[in-house]
Amino acid sequence: MKVFNRNFVMVLIGQIISLFGNTILRFALPLYLLNETKSASLYGIVQACAFIPMILATPIGGIIADRVNKKNIMVILDFTTAFLTLGVMLFLGRFNIVILLLAALSILYAIQGAYQPAVQASIPLLVDEEGIMQANSMINIVSSLSQLVGPVIGGMLFGFFGIKPILLVSVVCFVISAVMEIFIVIPFNKPESKDGVFDIVKSDMKESFKFMLKDRPEIFKVCLILTVVNIALSACAMVGLPVIVTQKLGFSADTANTLYGYVEGAMGAGSLAGGIIGGVFAKKMKIKNCSILLVLCCLSMLPIAAALSMNLSGMVSYIVIIASSFVMMMLSTLFSIQLMACLQILTPNNLLGKVISCAMCISMCGAPLGQAAYGVAFQKLADSPQILFAFATFVGVVLALCSNKVFVIIGKLMTDITESQEDTEEGYKMECSKGEAVAK
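In this text the structure is predicted, and so the values were computed from the model without any measurement.

This paragraph deals with empty space enclosed by the protein. With the rule as written, the count across this model stands at two cavities of 30 Å³ or more. Estimated volume of the second largest cavity: approximately 30 Å³. Lining the second largest cavity are L25, L29, L84, T85, V88, A104, L108 and L167. Mapped by element, the contributors of at least two residues to the lining of the second largest cavity are helix 1 (6-37), helix 3 (70-91) and helix 4 (97-126).

This part is about helix 2 (residues 40-67). With 28 residues, helix 2 ought to run about 40 Å at 1.5 Å a step, and its terminal C-alpha atoms sit 41 Å apart, in line with that. Along helix 2, the sharpest change in direction is near 30 degrees and occurs at A57; proline P59 comes one to four residues later.

Glancing now at the packing of aromatic side chains. Here the structure, examined in full by the defined rule, presents eight aromatic pairs. Ring geometry for Y32 and F158: centres 6.3 Å apart, planes at 90 degrees, overall edge-to-face. Residue Y32 is located in helix 1, and its partner F158 is located in helix 5 (residues 132-161); the two are separated by 126 residues in the primary sequence. No difference in accessibility class separates Y32 from F158, as the two residues are buried. Seen in terms of ring centroids, F51 and Y109 are 5.4 Å apart; in terms of plane orientation they differ by 65 degrees. Their pairing is edge-to-face. Of the two residues, F51 sits in helix 2 while Y109 sits in helix 4, which places them 58 residues apart along the sequence. Residues F51 and Y109 agree in their burial class; the two are buried.

For Q371, the location among the structural elements is in helix 14 (residues 367-380). Given the relative accessible area of 1%, Q371 is considered buried. Of the polar contacts made by the side chain of Q371, one reaches the backbone nitrogen of A48; its length is 3.4 Å.

In this model, the chain carries a mean pLDDT of 81, and residues with pLDDT of at least 70 account for 89%. No element of the chain has a lower mean pLDDT than helix 16 (residues 404-439), which averages 62, and none a higher one than helix 11 (residues 302-309), which averages 92.

Right, let's get into the packing of helix 8 (residues 217-248) against helix 14. To describe two helices that pack against each other, one gives the angle between their axes and the distance between the axes. For the pair helix 8 and helix 14, the least separation of the axes is 8 Å and the interaxial angle reads 45 degrees. Viewed along their axes, helix 8 and helix 14 adopt a mutual orientation that is oblique. Crossing geometry of helix 8 relative to helix 14 is assigned as right-handed. Residues I231, A232, A235, C236, M238, V239, G240 and I244 of helix 8 touch helix 14, and the partners they reach there are A367, L369, G370, Q371, Y374, G375 and F378. Residues of the contact of helix 8 with helix 14, tallied by class, amount to eleven nonpolar, four polar and no charged.

Below, the discussion takes up a nonpolar patch on the surface. Taken together, V149, I153, M156, F160, F161 and Y262 make up a surface patch of nonpolar side chains, about 580 Å² in accessible area. Counting residues per element, the nonpolar patch draws most heavily on helix 5, which supplies five residues. Looking at the element boundaries, F161 is found in helix 5.

Per the counting criterion, the structure on display carries zero disulfides. Unpaired in this structure, C297 has its nearest cysteine sulfur neighbour in C298, at a distance of 5.7 Å. In this structure C297 comes out as buried when scored by relative accessible area, which is 6%.

With that settled, the discussion passes to the environment of E264. Tracing the backbone through its elements, the reader meets E264 in helix 9 (residues 253-280). With residues up to four places along the chain from it excluded, the contact list for E264 reads F27, Q147 and P151.

We now examine the packing of helix 10 (residues 290-299) against helix 15 (residues 386-402). Contact geometry of helix 10 with helix 15 gives a least axis separation of 8 Å together with a crossing angle of 175 degrees. Relative to helix 15, the element helix 10 is oriented roughly antiparallel. Listed contacts from helix 15 to S291, L294, V295, C298 and L299 of helix 10 are T393, G396, V397, A400 and L401. Its residues placed into classes, the contact of helix 10 with helix 15 shows seven nonpolar, three polar and no charged.

Let us now look at the nonpolar core. Ranked by size, the top nonpolar core spans 107 residues in total, and within it L241, F378 and F389 carry the most contacts. When residues of this core are assigned to their parent elements, the largest contribution, 15 residues, is made by helix 8. If sequence neighbours within four positions are ignored, F389 has contacts with C236, G240, L241, I244, M301, I304, A305, L308 and F378. Membership of the second largest hydrophobic core comes to 24 residues, among which are M10, L19, V127 and I139.

A few words on the environment of N350. Among the structural elements, N350 can be located in the loop between helix 12 (314-346) and helix 13 (352-364). Owing to a relative accessible area of 52%, N350 belongs among the exposed residues under this scheme. Residues N350 and A121, spaced 229 residues apart in sequence, show a C-alpha to C-alpha distance of 9.8 Å.

Looking now at a positive patch on the surface. Positive charge collects at one region of the surface, where K202, K206, K210 and K214 lie side by side. Tracing the chain through its elements places K206 in helix 7 (residues 197-215).

Note that K164 resides in helix 6 (residues 164-181). Exposure remark for K164: the relative accessible area of 42% places this residue in the partly exposed category. In this structure the C-alpha to C-alpha distance between K164 and V88, which are 76 residues apart in sequence, comes to 9.2 Å. Apart from the residues lying within four places of it in its own chain, the contact partners of K164 are M89 and L92.

Thresholds applied
- Residues numbered from 1 in each chain as written.
- Predicted model: local features only at pLDDT ≥ 70, side-chain atom pairs only at ≥ 80, totals over all residues.
- Heavy atoms only, no water.
- 1 Å grid on protein atoms, 1.4 Å probe; cavity = no way out; pocket = protein on both sides within 12 Å on 5 of 7 lines; lining within 4 Å.
- Points joined across faces, edges and corners; volume = space filled by probe spheres on them.
- Helix = DSSP H or I, 4+ residues; strand = E, 2+ residues; numbered from the N terminus.
- Expected span 1.5 Å × (residues − 1).
- Bend = angle between axes of the 7 residues up to and from the residue.
- Phe/Tyr/Trp six-rings, centres within 6.5 Å; stacked < 30°, edge-to-face > 60°.
- Buried < 20%, exposed > 50% of the residue type's maximum accessible area, 1.4 Å probe, protein only.
- Polar contact = N/O pair within 3.5 Å; in protein donor to acceptor, adjacent residues only side chain to side chain.
- pLDDT = per-residue confidence, 0-100.
- Axes fitted to C-alpha atoms, helices over the stretch in contact; angles between N-to-C directions.
- Parallel < 35°, antiparallel > 145°, perpendicular 65-115°, else oblique.
- Left-handed = near helix turned anticlockwise from the far one by under 90°.
- Contact = heavy atoms within 4.5 Å.
- Nonpolar A, V, L, I, M, F, W, Y, C, P; charged D, E, K, R; others polar.
- Patch = residues over 30% accessible without salt bridge, like charges linked within 9 Å, V, L, I, M, F, W, Y side chains within 5 Å.
- Areas by Shrake-Rupley, 256 points an atom, 1.4 Å probe, with all protein chains shown as cover.
- Salt bridge = Lys/Arg side-chain N within 4 Å of Asp/Glu carboxyl O.
- Disulfide = S-S within 2.5 Å.
- Core = buried A, V, L, I, M, F, W, Y, C linked by side-chain atoms within 4.5 Å.
- Lys, Arg positive; Asp, Glu negative; His and termini not counted.
- Charge placed at Lys NZ, Arg CZ, Asp CG, Glu CD.

Shown next, in the form of structure tokens:
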């Protein structure tokens, strides 16, 4: 089975269109809230509250992905997002902005949480095992292209025309993606079950956590590591960067909005670079070295803290933020590609959607807490934001160093599984050869 077969290519194209619409939407709505309220704490709290539905929807999305045709999930959720965005566009200015955007972002994040397990769980069904790492890299490249182009275009549209053109572009993207995904063919065998929905969710969740806790406890340990990283590091970047660029560097509001779009674009470019590197060097990348990547990723935030401490000019500090954001996302993507491949190899296909979604759920559960805390912290330490970036770097580095043993164990597990599969394939080939010889 080739990596670039028709159905996988169509999934990629659908991801490009859908993620572009999603990216500019998730860029513009929180930024619009920050512009209107000027409150870092409110911004952080709304982001945190909106993120919770994504955490709750992700494991449910994984369960659904294992029991429903994954193509249908993508189509339905893209159409739903299009209608949601159209509703925001119609009601903007008629309702309280905080309540409207909180509701919209909550539903948007929930849809995204249910959507991604379907995409990730479809990969092993569309490509063979040798191509999984490369396929994951391509999915990450697509996501990165959207993150690169979406915020840049979104920032320019937002700076010049406001929020409504962005909403309209997003609606069009989701409709096109949904229509195209109708023609994708993903293998699916419907599991037989007479249980009710609640019983299915309960049993599937129990099965997933049992697998992670007893059969593959290393997966659970990595999820806990990522939870703390999201609390300390990711939340700091998600809340701190827009606050600093739009409020602390001295740019006008329109210019700052456009410039923050470039920051998000730099993250997308870094993620794209990481995806390309991951695809090219897939066979040379080792999971046991992930702790080193994580240390370097954390250290990439240190220049931001240094620039803010030295009271450099707004443009010089901005350039440092751009460069650090690029490096941080490049390393983060390399890290994520390996972890996803690890999950897909260590997990049986019948549990794949559930386990991936539960792993994502555990990893993300600390993000709302971090976003809310950093929102308040950036409001309180408005004159010394560098303290928070330095703190996030320190916590991340210590955690990464402590995680080295876990990644070494996982690396050995993956090596054992790969060697076992190679031995099985070799034995099968020898049996086939003997059979051919006897036939002759």
